[in-house]
Every structure is written in C-alpha cells, then in structure tokens.
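Report on the structure
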Amino acid sequence: MLCTQFCRCFVVVLLLCFVSSARGQSLIVGIPNAEVTPKGHFLIAHESQINWWNQTNERGERITAWNSFNFACYGLSENIELCLTSFNIGSPATRNVSIAGGFKTVFPLFQKELPDWEIRSLTGLMIPFSLDGNGIGVWSYGGISFRLPVLRTRITAGPSYGMAQIFGRNVFCWMLGYEQPITDKFSIIGDWYTGTHDIAAYISAVQYDINEHLTIIAGYKFANNPESGYNTAMIEVTFEF
C-alpha cells in the first residue's frame, strides 16, 4: 500500500514538473502567502507530513503515517499566478485525493502613505476535482498582509471557505501566518487554520534559502484537536526556475 501511494505521488510530481499547462500555489507553510511567482517563472514544491511515533493500523500494529501535498506555480503577471495542487496523497490512503486548479492575486496597498509597512491584499480561488469519487468543490480565500517596520515580521491573515474535497467537510475558517527573517537566507515561519477539519492545524517551521532557486522548510504540525487529525513532522522542498 505504501509503495502504491508513493507511486501516485511520483506520478503527480512528474505531471507538475513537465506538463506546460500545470500551475500551482505558493504558501507560507500551509496557508497562501503574500507573494506571487515572478512573471514567466515556474515554482514546484513537494511537502511531506510524517508521523512514525504513535500511529497504528486497524490491527493495532505500529505504522508510519504519511501525507503529502504537491504544488506548482506559474507567474502570469506581476500580480497573478496560476495554480495546480494535489492534496492528500498518503499512506494509509486518505480516500480524499484531489487535484485543484486556480489562481492567486497579490496587490500592493498604500505604497505612498505607508511604504515601510508593505501592505498587500491577496485573494485566490481553487477548484478541486476529487480522484476518489467525491465530486467537484471550491476553495476561496482572501486576506491582508503587512510587514512590521522594525522587526520586519510579515503578518498575513484572512478568511477561507473550502469544501470537502480539500478540507474533509465544507467549512469556513480563518487563516493566520507569520514570516520572521533572521538572516538573508534563514527565517522562522508559521501558520494556522482555525476550526475542525482535515487541515485545521498550527505549523511552526524554519525556512532556509539554499540559493535563489532552492528552498527547504522543516517544522512540526500541531493538529487543532483529535478530530482534525494527528501531529506530524513536516518537510517541504521548493524549486523555482
């Protein structure tokens, strides 16, 4: 079963990498960030969430639980990126694997009045198609993002409405994230979805930009409650070209 799920993930990654019409969505860790992929560039990423310490199967045997997200981005303009994302390819099988396409927009606000705050609006829409027979849904969101002038901390917050193909059930929730640069290459980041659903969790992580093309994020996901799943370690690799 684990081999089958890894094979499914590998096929999706290949599609994201090599199909010219494939598009994805850039994130802080789990929520949309206030950036878009540069115009004419692609960004591809893989995120794995793993718990090997307290998960068991139906027979009570200890197992390693794994879930993954794959996404790619194409910068359509200075303010818009097009999106393609796969959700919930994992082992044991999540029975809620989806492919979602859509877009994200980011626009600067109050550039003359408050230049040091770097205020931006973000909006997005994704249309998920279930690969497990659960139909077609929608995920829409909006938000405001700003940077604290002295600390340089970027704060992003806003509402989100998503359906069962991504969230496990139809749900309205809130998103909150932060990005704290420490050096030119190293940052402390985190984000949170409120509520009770499949991705309701706080993720705390560190980000290291190896070079202008390659970024690695590693952290820990704290599920909001048992109904929202289990805690996991996570790692994400992002490549821009």
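All residue numbers here refer to positions counted from 1 along the written sequence of the relevant chain. Only residues with pLDDT of 70 or above have their local features reported here, since the model is predicted, and side-chain atom pairs are shown and tallied only from 80 upward, although totals for entire chains, interfaces and linings are computed over all residues. Calculated side-chain values reflect all of the structure's heavy atoms, with hydrogen atoms and water omitted.

Counted residue by residue, strand β3 (residues 80-91) has 10 buried out of 12 residues, so it is predominantly covered. Two strands make a pair as long as DSSP finds a minimum of two bridges between them. Counting from the N terminus, the helices are the DSSP runs of H or I reaching at least four residues and the strands are the DSSP runs of E reaching at least two. Sheet topology places strand β2 (residues 62-75) next to β3; 10 bridges connect them, and they run antiparallel. Note that in β3 the partner of G75 across the bridge is E81. Turn length for the β2-β3 hairpin, with the two strands adjacent in sequence and antiparallel, is four residues. Here β3 runs beside strand β4 (residues 98-109); their pairing, made up of eight bridges, is antiparallel. Paired with S86 across the two strands is I99, which belongs to β4. With antiparallel pairing between neighbouring strands as the criterion, β3 and β4 make up a hairpin whose turn holds six residues, including R95 at a positive phi of roughly 60 degrees. Think of it in three bands: with a 1.4 Å probe and only protein chains considered, a residue is buried below 20% of the maximum accessible area for its type, exposed above 50%, and partly exposed in between.

To continue, consider the packing of aromatic side chains. Pairs were defined over the aromatic rings of Phe, Tyr and Trp, the Trp ring being its six-membered one, requiring ring centres within 6.5 Å. Orientation was assigned from the angle between planes: stacked under 30 degrees, edge-to-face over 60, tilted for the rest. In the structure shown here, the tally under the stated rule is 13 aromatic pairs. Centre to centre, the rings of W53 and Y220 are 6.0 Å apart; their planes meet at 20 degrees, and the pair counts as stacked. Of this pair, W53 sits in strand β1 (residues 42-56) while Y220 sits in strand β11 (residues 214-223), and the two are 167 residues apart along the sequence. Among the residues examined, W53 registers a relative accessible area of 28% and is labelled partly exposed. Of the residues examined, Y220 reaches a relative accessible area of 27% and is grouped as partly exposed.

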